[in-house]
Amino acid sequence: MSFDLTAYLQGRRVLVDAALNQYLPTEDQEPDKIHASIRYSIFCGGKRLRPILALAAADALGADFAHVMPLACAVECIHTFSLIHDDLPAIDDDDLRRGAPTNHVVYGEAMAILAGDALLAFAFELIAECHAFCPADRVLEALVMVAQASGTRGMVGGQVSDIECEGRADLDERTVASIHERKTGALLIASLVAGARLCGASKAQENALRRYGEKIGLAFQITDDILDLEGDAEKLGKPLGSDLKQDKATYPKILGIEESRTLASQAAEDAIAALSIFDEKADPLRALARYMVERDN
């Protein structure tokens, strides 16, 4: 494909960051410390993958992506909330995130917990802002999708299973897939499908985007697992081997590196195939599928 994904990602990141800067409370607003903590983690780098998927879903439908920008910012807030809490000593106990000290290292555990809580609440306030562009019933449906993807049926539930499976020797591919479909895949899918719902997608279009999201979620997670073992720590912004150290449930653990890499590549191709009902306006999504397995951070 000749599509310039690098330029697309850079342009969309700039727009998402500008919107987040506009939406989020500033550090001079009381209580100032919590707002500083929130903005520290939000603007500490990041690929903005989930918000870009929401915008790319609008692009694929030929809709104005500005109409889903509040949703895009909302899913980034939820993602950042999950990272802040994942890094806490009680969960993954990480001191570095994106090459910088984690939130609790800078602001303390209590403030980090509250920053995550605030970001989760703020996300749903942002989704409600979509009523300025979209019919209220679509906004409500999108809100429910994101809520389900974020809670015990999605991201939080996957994190619980991830913790419970640490150190287990009886893991199989089905168990690992179940963990990551919820922990990683659910919010990726919600970003796409909720964005499409806001833009009035047909059922067939939503189903195609859901299938695409399932497959890129798999490709993304396997690539993450591999990078944790043999990536570049400087590019990743954190030490290698954290999954191995905690004996996490990963694809390389049960399949090996090469079989995992093959599975990720096939998932990316399956994701592209799922977009067959879309024209060239979905090229950003097609390019993103290959990016999932080619990225180095």
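Right above here is the structure, for reference.
Residues numbered from 1 in each chain as written. Predicted model: local features only at pLDDT ≥ 70, side-chain atom pairs only at ≥ 80, totals over all residues. Heavy atoms only, no water.

## Considering the overall build of the chain
Our working definition: Strands here mean DSSP runs of E at least two residues long; helices mean DSSP runs of H or I at least four residues long; both are numbered from the N terminus. We take the radius of gyration over the C-alpha atoms and set the globule estimate at 2.2 Å times the residue count to the 0.38 power. The buried label goes to any residue with under 20% of its type's maximum accessible area, the exposed label to any with over 50%, and the partly exposed label to all in between, with areas taken from a 1.4 Å probe on protein chains only. Here, two residues are considered to be in contact whenever any of their heavy atoms come within 4.5 Å of each other. Working definition of accessibility: Shrake-Rupley area with a 1.4 Å probe, residue cover restricted to the visible protein chains.
Check the secondary structure of the chain and you find 15 helices and two strands. By the compact-globule yardstick of 19 Å for 297 residues, the chain fits well, its C-alpha radius of gyration being 18 Å. For the C-alpha atoms alone, the extent of the chain along its principal axes is close to 50 × 50 × 35 Å. Each of the 297 residues in the chain was classed as buried or not, and the buried ones make up 52%. If you take every contact in the chain between residues at least 6 apart in sequence, the share linking residues at least 24 apart comes to 73%. Accessible surface, the chain as shown: approximately 12,900 Å² in total, 52% of it carbon and sulfur.

## Quick look at the environment of Glu214
Position of Glu214 relative to the elements: it lies in helix H10 (residues 203-230). The exposure class assigned to Glu214 is partly exposed, which follows from its relative accessible area of 38%. The sequence separation of Glu214 and Glu181 amounts to 33 residues, and the corresponding C-alpha distance is 7.4 Å.

## Examining the environment of Leu143
Tracing the chain through its elements places Leu143 in helix H7 (residues 136-150). Sequence separation between Leu143 and Met69 is 74 residues, and the spatial gap between their C-alpha atoms is 14 Å. The contacts of Leu143, once residues within four sequence positions are left out, are Phe124 and Ile127.

## So, the pattern of salt bridges
If the charged atoms of two oppositely charged side chains come close together, the side chains can form a pair. Defined as follows: Within this document, salt bridges are pairs made up of a side-chain nitrogen of Lys or Arg and a carboxyl oxygen of Asp or Glu, the two lying within 4 Å of each other.
Under the criterion given, the structure shown has 19 salt bridges. Salt-bridge contacts for Lys183 lead to Asp162; the nearest nitrogen and oxygen are separated by 2.8 Å. Of this pair, Lys183 sits in helix H9 (residues 173-198) while Asp162 sits in helix H8 (residues 155-164), and the two are 21 residues apart along the sequence. With relative accessibility at 21%, the residue Lys183 sits in the partly exposed group. With its nearest N and O atoms 2.7 Å apart, the salt bridge here joins Asp279 to Lys281. The exposure class of Asp279 is partly exposed, given its relative accessible area of 33%.

## A look at the packing of aromatic side chains
Here is the rule we go by: Side-chain rings of Phe, Tyr and Trp (the six-membered ring for Trp) are treated as a pair once their centres are within 6.5 Å; stacked means planes under 30 degrees apart, edge-to-face means over 60, and tilted covers the remaining angles. Only lysine NZ and arginine CZ atoms are considered, and such an atom sits over a ring when it is within 6 Å of the ring centre and within 35 degrees of the ring normal.
Enumeration over the complete set of coordinates arrives at two aromatic pairs. Plain terms: the ring middles of Tyr40 and Tyr107 are 5.7 Å apart, the flat faces sit at 65 degrees to each other, and that makes the pair edge-to-face. In this pair, Tyr40 is assigned in helix H2 (residues 32-42) and Tyr107 in helix H5 (residues 103-107), connecting sequence segments 67 residues apart. Take Tyr40: its relative accessible area is 22%, and that puts it in the partly exposed class. The ring of Phe65 carries the charged tip of Arg12 above its face, separated from the ring centre by 4.2 Å. A cation over a ring is seen here: Arg50 above Phe220, with NZ or CZ 5.7 Å from the ring centre.

## Structural notes on the packing of H7 against H9
Cut-off, in case you're wondering: Orientation is described by axes fitted as lines to C-alpha atoms, over the contacting stretch for helices, and by angles from 0 to 180 degrees between their N-to-C directions. What sets the label is the angle itself: under 35 degrees gives roughly parallel, over 145 gives roughly antiparallel, 65 to 115 gives roughly perpendicular, and the rest give oblique. Residues are grouped as follows: Ala, Val, Leu, Ile, Met, Phe, Trp, Tyr, Cys and Pro are nonpolar; Asp, Glu, Lys and Arg are charged; every other residue, Gly included, is polar.
At their nearest, the axes of H7 and H9 sit 9 Å apart, and the two run at 180 degrees to each other. Looking at the two axes, H7 sits roughly antiparallel to H9. Side by side, H7 and H9 meet where Arg138, Val139, Glu141, Ala142, Met145, Val146, Ala149 and Ser150 of the first sit next to Ala186, Leu187, Ala190, Val193, Ala194, Arg197 and Leu198 of the second. Among the residues making up the contact of H7 with H9, the classes are represented as 11 nonpolar, one polar and three charged.

## Focus: the side chain of His79
Let me state the cut-off plainly: Nitrogen and oxygen atoms within 3.5 Å of one another constitute a polar contact, given that in protein one can donate a hydrogen and the other can accept it, and given that sequence-neighbouring residues count only through two side-chain atoms.
In this structure, His79 sits in helix H4 (residues 69-86). Looking at His79, its side chain comes within polar contact range of the side chain of Arg50, at 3.5 Å. For His79, the contacting residues outside a window of four places in its chain are Arg50, Arg98 and Leu187.

## Side note on H7
The following threshold applies: Expected helix span is computed as 1.5 Å times (number of residues minus one).
A rise of 1.5 Å per residue sets the reference length of H7, with its 15 residues, at 21 Å; its end C-alpha atoms lie 21 Å apart and thus fit the reference within 8%. At its buried positions, H7 is contacted by H4, helix H6 (109-128), H8, H9 and H10.

From the geometry alone we can't say anything about function, so treat these as descriptive.
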